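# A structural walkthrough
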Amino acid sequence: MKAVFLDCIDINRGDISWTPIEELCEFRHYLTSTLDEAKDRLQGMDVVFVDSFPIDRTVMEENPQLKYIGIGATGFNHIDLEAAEELGVAVTNIPAYSTDAVAQHAIALLLQITNRPGTYDDVETTPLTLLNGKSMGIVGYGNIGRKVGEIAASLGMKIIPYSVNPDEAVKADVLSLNCPLTDENSHMVDRNFISRMKDGAILINTARGGLVDEQALAEALKSGKLKAAGLDVLEKEPPEDDCPLLGLENCVITPHIAFTPIETREKIIDLLAENLRSFQEGGRFNRIV
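Since this is a predicted model, take the numbers as computed values, not measurements.

## Concerning the overall build of the chain
Along its length, the chain carries 10 helices and 11 strands. The globule rule puts the C-alpha radius of gyration for 289 residues at 19 Å, and the 20 Å found for the chain is close to it. Taking the principal axes of its C-alpha atoms as reference, the chain extends roughly 60 × 35 × 30 Å. A buried classification covers 48% of the 289 residues belonging to the chain. Relative to all contacts within the chain whose residues are 6 or more apart in sequence, the contacts with residues 24 or more apart total 63%. Only carbon and sulfur atoms are counted for the fraction: they give 49% of the accessible area of the chain, which is about 13,800 Å². Seen as two clouds, the 26 positive and the 45 negative side-chain charges of the chain have centres 4 Å apart.

Here is the structure:
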């Protein structure tokens, strides 16, 4: 069985062993791939591994020998699942692998905003904020959302799941986005949503950039409606020069790195191998379609 990883740059740049996967197939990997490069690299491949590289119907139809798509992440909005099911291509993902890492990063973004340990200048221009007694609304109260809430609660914050009380959650001092991106919630944080948020609130997004209308967020940050935002995800990654959030002093942006502690990336490779082994043996471990 021949396999290729088209975009492993955020998972393994050479500091982790590929042995678990190499034991299962004839394997090659690339840090990044353009669409044209992917066309050549997919020829003759039975298996393709991707992180965020899009695999649509055209790619599958152009590679009829393709039997399996292994996603090195939890999200799968970049894969045409309908086409995969129709064409008999198995798709797996890695659920819940990054819970601790992403929750830790969400709180790190919040602490950078409230305490600024990495960029602290002067108490006169950079006042600190005490989190004890503040409230946090959490949109997406699954594994990651609950872990974020657990850490925030240890700092003395009141946790309000959006699924339990959406109105109160939106009015919280801090709002953390931890839900998947779907057609229904794309740009859910738009001008109307932000207008319902508490004046001076903080927005944290470690989920998906498409949840946020970036122009509306930029306007809210510039006007002072929102105090700050901490983002590990953007709608386009890497951002283009016209991204309205770039350069805003009250917007902390990290390049989608919440899931990248070495321990987490080692787990990704182990689970990619486990998913493929299950498929080879006729199982359905972590199968989406």
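## Considerations on helix H9 (residues 214-223)
Every buried residue belonging to H9 is among Glu214, Ala216, Leu217, Ala218, Ala220 and Leu221, and all of these are buried. On its buried face, H9 is in contact with helix H8 (191-196), strand E9 (201-205), strand E10 (226-231) and strand E11 (251-253). Looking one or two residues past H9, Gly224 carries a phi angle of roughly 90 degrees, positive in sign.

## Some remarks on the environment of Pro239
By the secondary structure assignment, Pro239 is in the loop between E10 and E11. Through-space distance from the C-alpha of Pro239 to that of Ile269 is 27 Å; in sequence the pair is 30 residues apart. With sequence-adjacent residues up to four places away left out, Pro239 is seen in contact with Leu234 and Leu246.

## Observations regarding the sheet that holds strand E6 (residues 135-139)
As summarised here, the arrangement of the 6 strands in space is E7-E6-E8-E9-E10-E11, forming an open sheet in which the pairing is parallel. Strand pairing shows two members of the sheet lacking a second neighbour, strand E7 (158-161) and E11, which therefore form its edges. Strand-to-strand twist of the sheet, defined as the mean angle between neighbouring strand axes without regard to direction, takes the value 15 degrees. Relative to E10, E9 runs parallel, the two being bridged by 5 bridges. Bridge pairing in E10 links Asn205 to Leu231. Against the sheet, helix H5 (residues 99-114) makes contact with E6, strand E8 (174-177), E9, E10 and E11, and its axis sits at roughly 145 degrees relative to E9, the strand it touches most.

## Details of the packing of H5 against helix H6 (residues 143-154)
One can describe the packing of H5 onto H6 by two numbers: an axis separation of 8 Å at closest approach and a directional angle of 50 degrees. Judged on the interaxial angle alone, H6 and H5 are oblique. Of the two elements, H5 crosses H6, and the hand of that crossing is right-handed. Residues Thr99, Asp100, Val102, Ala103, Gln104, Ala106 and Ile107 of H5 form the contact with H6, whose own contacting residues are Asn143, Ile144, Lys147, Val148, Ile151 and Ala152. When its residues are assigned to classes, the contact of H5 with H6 shows 8 nonpolar, 3 polar and 2 charged.

## Let's talk about the sheet that holds strand E1 (residues 2-5)
With parallel pairing, 5 strands are arranged side by side in an open sheet as E2-E1-E3-E4-E5. The open sheet has two edge strands with one neighbour each: strand E2 (26-29) and strand E5 (90-92). Adjacent strand axes in the sheet meet at a mean angle of 15 degrees when their direction is disregarded. Sheet topology note: the E1/strand E3 (residues 47-50) ladder contains 3 bridges and is parallel. Counted as the bridge partner of Val4 is Val48 from E3. Across the sheet, helix H10 (residues 262-280) is in contact with E1, E3, strand E4 (68-71) and E5; its angle to E4 comes to roughly 155 degrees.

## Observations regarding unusual backbone geometry
Cis geometry marks the peptide bond from Glu237 to Pro238, where omega comes out at -5 degrees. Mapping Pro238 onto the fold places it in the loop between E10 and E11. Phi at Arg116 takes a positive value of approximately 50 degrees, unusual for a residue other than glycine. Within the secondary structure, Arg116 sits in the loop between H5 and E6.

## Thoughts on the environment of Pro127
Tracing the chain through its elements places Pro127 in the loop between H5 and E6. In this structure, the C-alpha to C-alpha distance between Pro127 and Arg116, residues 11 residues apart in sequence, is 9.3 Å.

Cut-offs used in this document
Residues numbered from 1 in each chain as written. Predicted model: local features only at pLDDT ≥ 70, side-chain atom pairs only at ≥ 80, totals over all residues. Heavy atoms only, no water. Helix = DSSP H or I, 4+ residues; strand = E, 2+ residues; numbered from the N terminus. Rg over C-alpha atoms; globule rule 2.2 N^0.38 Å. Buried < 20%, exposed > 50% of the residue type's maximum accessible area, 1.4 Å probe, protein only. Contact = heavy atoms within 4.5 Å. Areas by Shrake-Rupley, 256 points an atom, 1.4 Å probe, with all protein chains shown as cover. Lys, Arg positive; Asp, Glu negative; His and termini not counted. Charge placed at Lys NZ, Arg CZ, Asp CG, Glu CD. Pairing = 2+ DSSP bridges. Axes fitted to C-alpha atoms, helices over the stretch in contact; angles between N-to-C directions. Parallel < 35°, antiparallel > 145°, perpendicular 65-115°, else oblique. Left-handed = near helix turned anticlockwise from the far one by under 90°. Nonpolar A, V, L, I, M, F, W, Y, C, P; charged D, E, K, R; others polar.

This is a description of form; function is not addressed.
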